[in-house]
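# Analysis of the macromolecular model
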Amino acid sequence: MVAYINATADSFAWCILTHIRGLFRIARWKIKHLDQTTKSEQFQRDVCRISNIQEVAYRSTQLLESVLSNYFFKLYGLCICILCMIMMIAVTASENSVLLMKMFLILCYIIWQIFAYSMLGTELHTESTQVADELFESQWYVRPVADQQLIRFMIMRAQRAAYITAGKFFYVTRITFMVSLRTAFSYFTVMRQVI
């Protein structure tokens, strides 16, 4: 029963992260089509809509960060500990094939769980930073001065990267996924030398 609740919570968090990433992608798509707007009033309305979408995406990221930050910190810490223990059990109980199969399945689930969060965290960061790139690549320089100032302000705002952190200690990205695996293997080798 606990596994179903955990899987449901993970699926819900993954869906929310994907939705926020989609908001940044929608903002980028709308920015691509800004150059087609010829009237200044319509351009300013479109920029305001894009700015609102972008603000909702940033606020959603901050809210999700406040809710999941401690969970991610515990998840990564437990992942490192459990990976070490599973590898120790695999080394010491190499004759029991049923136990080895169970440990392998648990190992796959744990690695998949932190890998999925790490990938989504990396994609969220990438999408949020690409909004500023998309704004800069638009033809903002041929617009009237008032429109140029709007675009400059939006570029400044879009340079804030959206991140999800683990307990405010580190960002949840692919790099931290690899670091956590490396750490688990390092702890395992030290434990194996000691025991």
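Before any of the text, the structure's been laid out above.
Residues numbered from 1 in each chain as written. Predicted model: local features only at pLDDT ≥ 70, side-chain atom pairs only at ≥ 80, totals over all residues. Heavy atoms only, no water.

### Structural notes on the side chain of T176
- Relative to the helices and strands, T176 resides in helix α5 (residues 174-194).
- A distance of 3.0 Å separates the side chain of T176 from the backbone oxygen of Y171, its partner in a polar contact.
- Only 2.8 Å separates the side chain of T176 from the backbone oxygen of T173, close enough to count as a polar contact.
- Setting aside its immediate chain neighbours within four residues, T176 contacts Y76, F170 and Y171. (Helix = DSSP H or I, 4+ residues; strand = E, 2+ residues; numbered from the N terminus. Polar contact = N/O pair within 3.5 Å; in protein donor to acceptor, adjacent residues only side chain to side chain. Contact = heavy atoms within 4.5 Å.)

### Re the packing of aromatic side chains
- Scanning the entire structure with this criterion turns up 10 aromatic pairs.
- With a centroid separation of 3.7 Å and 15° between ring planes, the pair formed by Y163 and Y171 is classed as stacked.
- The exposure class of Y163 is partly exposed, given its relative accessible area of 23%.
- Three or more aromatic residues joined by ring pairs form one cluster here, namely W14, Y71, F72 and Y117. (Phe/Tyr/Trp six-rings, centres within 6.5 Å; stacked < 30°, edge-to-face > 60°. Buried < 20%, exposed > 50% of the residue type's maximum accessible area, 1.4 Å probe, protein only.)

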